[in-house]
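Below, each chain spelled out in residue letters.
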Amino acid sequence: MARGYRNCNPGNIRNSSVRYLGEKESTDIAYKQFESMAWGFRAMFVLLHTYQVRYGLKTLQQMIERYAPPSENDTTGYVSYITRRTRIADISTVDTHSEKQMIPLVTAMAVMENGTEPDADDVHKGWELFVNSSK
């Protein structure tokens, strides 16, 4: 099983001072751990939304460049995979409040991060946690 799925952190979000709902004390030296996959997916939705609100990153390209920087990743390949999979153009503005855009986007990112499909129910539960905590 991939590290991100073992950690219930399908986005492989790195350890930091930022605390997410559903986050638990991590025993992984590099990555956060969550109580369930749904909480891990919620964290991905929150993080991408934060990129827009706090940093003004509106396009898929801008978001992925921050999420998976070239210093650590094949960012160009990452963006290409996400655009092929989601049909969201790299220059398109992502609507972080759109379930229609965000579910496929985060699902594709989880596949990119872990190499296998996540459970769709977990992704949808994460979306519901995100939406309900944003009200």
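Just above, that's the structure.
Residues numbered from 1 in each chain as written. Predicted model: local features only at pLDDT ≥ 70, side-chain atom pairs only at ≥ 80, totals over all residues. Heavy atoms only, no water.

**Re the packing of aromatic side chains**
A full pass over the atoms with the stated rule returns 5 aromatic pairs. For the ring pair Tyr-20 and Phe-34, a centre distance of 6.1 Å and an interplane angle of 65° mean the geometry is edge-to-face. Of this pair, Tyr-20 sits in the loop between helix H1 (3-6) and strand S1 (23-24) while Phe-34 sits in strand S2 (residues 33-34), placing them 14 residues apart in sequence. Residue Tyr-20 is classed as buried on the basis of its relative accessible area of 11%. An aromatic cluster of at least three residues, connected via ring pairs, comprises Phe-45, Trp-127 and Phe-130. Lying over the aromatic face of Tyr-55, Arg-66 brings its terminal NZ or CZ to 3.8 Å of the ring centre. (Phe/Tyr/Trp six-rings, centres within 6.5 Å; stacked < 30°, edge-to-face > 60°. Helix = DSSP H or I, 4+ residues; strand = E, 2+ residues; numbered from the N terminus. Buried < 20%, exposed > 50% of the residue type's maximum accessible area, 1.4 Å probe, protein only. Lys NZ or Arg CZ within 6 Å of the ring centre and 35° of its normal.)

**Digging into the pattern of salt bridges**
With the rule as written, the count across this model stands at 5 salt bridges. Among the salt bridges present, the one from Arg-14 reaches Glu-72, with a minimum N-O distance of 3.5 Å. Within this pair, whereas Arg-14 is found in the loop between H1 and S1, its partner Glu-72 is found in the loop between helix H3 (60-67) and helix H4 (75-86), the two being separated by 58 residues in sequence. On the basis of relative accessibility, which here comes to 41%, the residue Arg-14 falls in the partly exposed class. Glu-23 is the partner of Arg-19 in a salt bridge, and the nearest nitrogen-oxygen pair spans 3.0 Å. Salt bridges sharing common partners tie together Arg-19, Glu-23 and Lys-32. (Salt bridge = Lys/Arg side-chain N within 4 Å of Asp/Glu carboxyl O.)

**What about the nonpolar core?**
Residues Phe-41, Phe-45, Leu-48, Tyr-67, Met-102, Leu-105 and Met-109 are the most contacted members of the largest nonpolar core, which totals 35 residues. For this core, the elements supplying multiple residues, two or more each, are helix H2 (37-55), H3, H4, helix H5 (99-114) and helix H6 (120-133). Per element, the largest residue contribution to this core is 9 residues, and it comes from H2. Those residues in contact with Leu-105 that lie beyond four places of it in its chain are Leu-48, Leu-60, Ile-82, Thr-86, Ile-88 and Val-94. (Core = buried A, V, L, I, M, F, W, Y, C linked by side-chain atoms within 4.5 Å. Contact = heavy atoms within 4.5 Å.)

**Section: the side chain of Gln-33**
Within the element layout of this structure, Gln-33 appears in strand S2. Residue classification places Gln-33 among the buried positions, given a relative accessible area of 8%. A polar contact of 2.7 Å, which involves the side chain of Gln-33, links it to the side chain of Asn-7. For Gln-33, the side chain forms a polar contact with the main-chain nitrogen of Thr-27, separated by 2.8 Å. If near-sequence neighbours (up to four positions away) are discounted, Gln-33 is found in contact with Asn-7, Glu-23, Lys-24, Glu-25, Ser-26, Thr-27 and Asp-28. (Polar contact = N/O pair within 3.5 Å; in protein donor to acceptor, adjacent residues only side chain to side chain.)

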